[in-house]
Amino acid sequence: MSEEIKSLNFIEHIIEEDLANGLPKDKLRFRFPPEPNGYLHIGHTKAIGISFGLGERYDAPVNLRFDDTNPAKEEQEYVDAIKRDIAWLGYKWENELYSSDYFQKLYDWAVLMIKDGKAYVDSQSSEVMAKQKGTPTQVGTNSPYRDRSVEENLELFEGMKAGKFPAGTHLLRAKIDMKDPNMLMRDPIMYRIMYAHHHRTGDDWCIYPMYDWTHGESDYLEQISHSLCSLEFKPHRKLYDWFRDNVYEYSKDKFPLPPKQREFARLNLSYTIMSKRKLLRLVEEGIVSGWDDPRMPTISGLRRRGYTPNSIRKFIEKVGVAKRENIIDVSLLEFCIRENLNKTANRVMAVLDPVKVVITNYPKDKEEWLEAENNQEDDSAGFRKVPFSREIYIERDDFKEEARNKYFRLKLGGEVRLKNAYIIKANEVVKDQNGDILEIQCTYDEDTSKKVKGTLHWVSIKHAITAEIREYDRLFMHESPDSDKDKDFMEFLNPNSLTIKTGYLEPSLADVEVGEQFQFQRLGYFNVDNDSTPQKLVFNKTVGLRDSWAKQKPKPQNNENQNKPKPQQQKRSAISVIQQFGKKYTNLPEEKQQKVKSEIQALAKDVAYDDLEPLFCTAVKKSGTRIAVLIALKVLLKNGLEENEAINDFIEKAKEDKNEILVAEASEI
RNA sequence: UGGCCUAUGGUGUAACUGGCUAACACAUCUGUUUUUGGUACAGAAGAGUCUAGGUUCGAAACCUAGUAGGCCAACCA
């Protein structure tokens, strides 16, 4: 292994700096704090990968903490699912913890804060309080209850805890600043009354702490060194620090390390949604079969689809960590799973859209069991036998009566190799009255040493077993379905995200087990679905193979599929070539400059003034581009273009430029 | 009439904290090999780092202003 210099992301830089400034390495501690109100999805995997990845990198403990402060939304089912998913990804947590474990400690601290005049009980309605809060651009006003005496506050807070008041009548608020430009600092709520059964504490409590009060203090109690979360919590940081610093005063002897929160940009995947609420809607409205539907971006969905922990971890590693908004192309995820499965999945043959081939010179009753390599990428994978006989299926797509030379597959009069078997030649087609092909009549040749361009997969009809094959397309037709302000994300649903077919498989697949993964040769990677039984096999298509042939075909796809932007710059207009010359112009030796100049002049003949004008406002420092534009402009002027204000401005500015070449070119006019 | 954050090829992330021709991966396109139009290998194209000023011998990085995008007004997390 060569010494790999891996560049650090900004969080690792922060940690390195803290370490350099004297933070002992053994104080490093991280956490992943999901709320158990839904299933984990690929977006969470980034947060998981960051915190657990840091734990692995620095050999530091990582806690799994369930942020369970809202009993109205949380359930044990989700706790179990979350634990299963994280374990499946291959991460190990140090401690399994719950925010609800800290309810008593939090309460005690809150009492201390009341005693110090840092918190008070408010007794207004939520509407009134909302009004007092102000807006981002308008300061708030103080609550009339803000100056209650310590004694009164204490009595009311104890009453709240004792269940003396109905929900909604009182709240505990931190006394900070109703004029703070950060809305979260305007006397945030610490506790609300809530008569709800909690999945862990039962009915012990009827007041529940809010996120801001709970989260940072839980970090503090666990002595987390770096509390990592996504960008939308950035505004919370000021409050996080305020609560932390106050509580630190009470407990610094016992808990000496004040944690710090840092934020990173969350993961967005193209053509999918990440919001738990929206995913729940897909489940509830029956758009998908459940949280683990193979089209879902949930971890359980990806698992069922055939994604491996390795592929997902690799993906997260490649995606990186930064602070800017991003949309990662699904092709990266697909690359990761292909790369993984290419090494591990055994190759088999399956025909999903069959057309019958009869090998007329092969005896009717004969059958042969031919040897086939399981995986050429893996020497230990071994071999298996596949049956061959007179009648086989190939893909309908793999035959054309006539085709161009670029078509490597079977055509009339043409030869093709059958994978692991013989070379066949197509002689005739039999059609029904509609002109649809019923069978292709071929002859085979036992000499397999011949060189032929195409190799097809196939399956012996007599020996084939059938299976249900589920193929998936993206769930949404829009690159970023939930970012449209006018349209509901449901409007972008792809009506054809699931296709079910009957496939004909080689008989070696008769006794597969749920979860097993294969490469159906030339088609893609498939795994055995949970619904599969020995009587009725069910396969999911995990992902297709890279297909450079499909790209060459014109693709008569339905229109919806075409809204993929794909701004490929294949055509290369004259103006863009000129721009490109411009970029390099000033760096070229003089003789080359002359050459490029004349090329620009030639190209300029094909350039319209309207293309040129926008380039007048090219940045001043891009003098190369300005020179190229000027050269082209001169050609246009010579050919009769009339001068206008924009042109004159551009020329005048060029004359005053620092760059001598530009000045020289400009002066020639 | 606010506060905070962000801006680097089509996409994502780098650039040892101000110093070589702005790097890597995906995507795209060429070749070579191939009993998978897969894999592997080789190569190409694509970015003057949002704009304008400034500081400096030197700026993607620092400063100022602008532009664009995002987040913030739940008794959610």
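Look a little higher up for the structure.
Residues numbered from 1 in each chain as written. Chains lettered and ligands numbered in written order. Predicted model: local features only at pLDDT ≥ 70, side-chain atom pairs only at ≥ 80, totals over all residues. Heavy atoms only, no water.

It is worth spelling out the side chain of D219 at this point. In this structure, D219 sits in helix α7 (residues 211-221). Side-chain polar atoms of D219 contact the side chain of R65, separated by 2.7 Å. Residue contacts for D219: discarding those within four places in its chain leaves R31, R65, I224, S227, Y240 and P259. (Helix = DSSP H or I, 4+ residues; strand = E, 2+ residues; numbered from the N terminus. Polar contact = N/O pair within 3.5 Å; in protein donor to acceptor, adjacent residues only side chain to side chain. Contact = heavy atoms within 4.5 Å.)

Contacts to RNA strand B come from 77 residues, most closely from R324, R347, Q580, K583 and A619. In the environment of RNA strand B, a sugar or linking oxygen lies 3.2 Å from a nitrogen or oxygen atom belonging to the side chain of S7. Between H236 and RNA strand B, the recorded distance is 3.2 Å, taken from a side-chain N or O atom to a base nitrogen. For the surface near RNA strand B, the secondary structure elements donating two or more residues are β6 (189-193), α11 (309-319), α12 (330-344), α13 (574-585) and α16 (623-638). (Near = heavy atom within 4 Å.)

What follows is about the environment of F399. Relative to the helices and strands, F399 is located in strand β16 (residues 399-400). Residue class for F399 comes out buried when judged on its relative accessible area of 7%. F399 has contacts with I394, Y407, L410, K411, L412, A426, V429, I437 and I440, leaving out every residue within four places of it along the chain. (Buried < 20%, exposed > 50% of the residue type's maximum accessible area, 1.4 Å probe, protein only.)

Close contact between helix α4 (residues 103-115) and α7 brings their axes to 11 Å; oriented N to C, the two are set at 110°. The orientation of α4 with respect to α7, classified from their angle, is roughly perpendicular. Contact residues: α4 offers K105, L106, W109, A110 and M113, while α7 offers W213, T214, E217, Y220 and L221. Each residue belonging to the contact of α4 with α7 can be placed in one class, and the counts come to seven nonpolar, one polar and two charged. (Axes fitted to C-alpha atoms, helices over the stretch in contact; angles between N-to-C directions. Parallel < 35°, antiparallel > 145°, perpendicular 65-115°, else oblique. Nonpolar A, V, L, I, M, F, W, Y, C, P; charged D, E, K, R; others polar.)

By themselves, these figures tell us nothing about what the structure is for.
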